[in-house]
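Structural features, examined
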Amino acid sequence: MTAYPLDGLPHHVTIYEVGPRDGLQNESAIVPVEVKAEFIDRLADAGHKVIEATSFVHPKWVPQLADAEDLLTRLHRKPGVRYPVLVPNERGLDRALALEVDEIAVFASATETFAAKNLNRSLESQFEMFEPVVARALDNDVRVRAYVSMVFGDPWEGPTPIDQVVRVGTRLLELGCHELSLGDTIGVGTPGHVKALIDAFGDPSRLAVHFHDTYGQALGNTLAALRAGVTVVDASTGGIGGCPYAESATGNLATEDLVWMLHGLGIQTGLDLDKLVATSGWLAERLGRPSPSRVVQALTKKD
Ligand code: HMG
Ligand code: MG
């Protein structure tokens, strides 16, 4: 592909792969643990340097990821690849530490209603849950990423005020999280809104973006985020995904769609698109339905 760069964009983007966690967490039929392990190994082989592997949440809340311990012991950890896991509370941290996990992600809500639905906590009391988790993780040399969800709007409260997102996100960064991922859980954001939110944080250097593609805005929003100084973008191979506690959340931005755009812009990702597409085809057969990614569909069309 001949690259046609645009001014004001980074030379390299880190793609934070969330397929095995955000992608699979919403699947109602339990995916065998061997399939999950092979999925992750294939993603590493395609060049991913950071793959969110699973969640140490309550197994009743997310039954699909109840095999987190089993999965982690099956991984063929590739040197130089990070395998973070989601952890909501101290019980989750204990489980992760028992397996010598070296990077976790806590996940907060920007809105009251989603904090209750996703974490069984209020907007304020979610911090009481995260504070000891982050402190103990850092004491154990475990890096901590933070998410803040519903950053543009939520299904129950409507648009989320920008200053509310900045307040929640800044508190998470101040706890010592190395990165804050801005989650458009239900995909309602648009590019100008993305720029306004990133600018409101002041410094984009510790921000990442996490777009669900429900309204088809994820690529446009990503371009706006890159122009605003963000260089870490979350995506899921094959575009699978959603959140079991927000029905209107559909799949994440597909890694292949993102890679097509970034490579077209001459931005390095370190990823092998053909291997990603092959992995999505392989996974689609196991999930029993085609990948929603436009790039996967285009590159696998038989005509
Ligand atoms: P709770 O019911 O309030 O938990 O749930 P609790 O603290 O009251 O504990 C109740 C029982 O659960 C206790 O057992 C605990 O030990 C046990 P008992 O003493 O009664 O026998 N327990 C656990 N067991 C295993 N692992 C744990 C754990 N924690 C408690 N970690 C809790 C609170 C946070 C646990 C629950 O709400 C939960 O698991 N929520 C997770 C929801 C979730 O995973 N959602 C999807 C991920 S978020 C997302 O997708 C958005 C994102 O992609 C960004 C975006 O798109 O915006 C990140
Ligand atoms: Mg998500």
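Residues numbered from 1 in each chain as written. Chains lettered and ligands numbered in written order. Predicted model: local features only at pLDDT ≥ 70, side-chain atom pairs only at ≥ 80, totals over all residues. Heavy atoms only, no water.

Here we look at the site of ligand 1
What surrounds ligand 1 is a group of 27 residues, the closest being Q25, H58, N89, S149 and T185. One of the side-chain N or O atoms of Q25 is found 2.8 Å from an oxygen atom in ligand 1. One nitrogen or oxygen atom from the side chain of N89 is found 2.7 Å from a nitrogen atom belonging to ligand 1. Within the complex, the protein chains bury 75% of what would otherwise be the 1,100 Å² of accessible surface of ligand 1. Judged by the proximity of its atoms to the pocket grid, ligand 1 belongs to the largest pocket. Listing elements by their share of the shell around ligand 1, those giving two or more residues are α1 (19–23), α4 (90–98), α5 (112–119) and β5 (143–149). Among the elements that make up the shell around ligand 1, the one with the highest residue count is α4 (three residues). A breakdown of the residues in the shell around ligand 1 according to their chemical character gives 11 nonpolar, 11 polar and five charged. (Near = heavy atom within 4 Å. Polar contact = N/O pair within 3.5 Å; in protein donor to acceptor, adjacent residues only side chain to side chain. Areas by Shrake-Rupley, 256 points an atom, 1.4 Å probe, with all protein chains shown as cover. 1 Å grid on protein atoms, 1.4 Å probe; cavity = no way out; pocket = protein on both sides within 12 Å on 5 of 7 lines; lining within 4 Å. Sits in = over half its atoms within 2 Å of the grid points. Helix = DSSP H or I, 4+ residues; strand = E, 2+ residues; numbered from the N terminus. Nonpolar A, V, L, I, M, F, W, Y, C, P; charged D, E, K, R; others polar.)

Notes on the layout of surface pockets
Empty space among the atoms becomes visible once a probe the size of a water molecule is rolled across them. Of the pockets and cavities examined, the largest pocket occupies roughly 570 Å³. If you trace the largest pocket, you find 34 residues lining it, with V57, P88, F107, N118 and L119 closest to the centre. Elements with a minimum of two residues in the lining of the largest pocket: α1, α4, α5 and β5. Across the lining of the largest pocket, the residue classes tally to 16 nonpolar, 13 polar and five charged. Estimates place the volume of the second largest pocket at around 200 Å³. (Points joined across faces, edges and corners; volume = space filled by probe spheres on them.)

Things to note about the coordination of the magnesium ion (ligand 2)
A metal bound by six donors in octahedral fashion has ideal angles of 90 or 180 degrees, whereas one bound by four tetrahedral donors has an ideal angle of 109.5 degrees. Those protein atoms acting as donors to the magnesium ion (ligand 2) are D22 (OD), H210 (NE2) and H212 (NE2), and they sit at 2.1 to 2.2 Å. In terms of primary sequence, the donors binding the magnesium ion (ligand 2) are separated according to D-x187-H-x1-H. Here the residue D22 occupies a position in helix α1, and H212 occupies one in the loop between β9 (207–211) and α9 (218–227), the gap between them amounting to 190 residues. For D22, a relative accessible area of 2% gives the class buried. Accessibility expressed as a relative area gives 3% for H212, which makes it buried. (Donors = N, O, S within 2.8 Å, 3.2 Å for Na, K, Ca; no water. Buried < 20%, exposed > 50% of the residue type's maximum accessible area, 1.4 Å probe, protein only.)

As for a nonpolar patch on the surface
A cluster of nonpolar side chains, namely M1, W260 and L299, defines an oily patch on the protein surface of about 330 Å² accessible area. Positionally, L299 belongs in helix α12 (residues 294–300). On the basis of relative accessibility, which here comes to 42%, the residue L299 falls in the partly exposed class. (Patch = residues over 30% accessible without salt bridge, like charges linked within 9 Å, V, L, I, M, F, W, Y side chains within 5 Å. Salt bridge = Lys/Arg side-chain N within 4 Å of Asp/Glu carboxyl O.)

A word on the pattern of salt bridges
Scanning the model with the defined rule gives 18 salt bridges in all. Residue E52 pairs with R21 through a salt bridge whose shortest N-O separation is 2.6 Å. Taken together, the residues span a long stretch of sequence, with E52 in the loop between α2 (33–45) and β2 (54–55) and R21 in helix α1 at a distance of 31 residues. Its relative accessible area of 0% is what places E52 among the buried residues. Judged by relative accessible area, which is 6%, R21 ranks as buried. R95 is the salt-bridge partner of E69, the closest N and O atoms lying 2.8 Å from each other.

Looking at the side chain of D184
Structurally, the position occupied by D184 is in strand β8 (residues 179–184). Despite its burial, D184 pairs with no opposite charge, the nearest such side chain being R21 at 13 Å. The contacts of D184, once residues within four sequence positions are left out, are V151, F152, G189, H210, F211, H212 and N221. (Lys, Arg positive; Asp, Glu negative; His and termini not counted. Contact = heavy atoms within 4.5 Å.)

Describing the nonpolar core
In summary, soluble globular proteins display a tendency toward joint burial of nonpolar side chains. In this structure, I104 and L172 are the most contacted members of the largest nonpolar core, which totals 97 residues. With seven residues, the single largest contributor to this core is α2. When neighbours within four sequence positions are excluded, I104 is seen to be in contact with V85, V87, L93, A96, V133, A137, V142, R143, V144 and R145. (Core = buried A, V, L, I, M, F, W, Y, C linked by side-chain atoms within 4.5 Å.)

Remarks on unusual backbone geometry
Although it is not a glycine, E100 adopts a positive phi angle of roughly 60°. Inspection of the secondary structure assignment puts E100 in the loop between α4 and β4 (103–109). Phi at M150 takes a positive value of approximately 60°, unusual for a residue other than glycine. Along the chain, M150 turns up in the loop between β5 and β6 (153–154). Take M150: its relative accessible area is 0%, and that puts it in the buried class.

The values are spatial; any link to function lies outside them.
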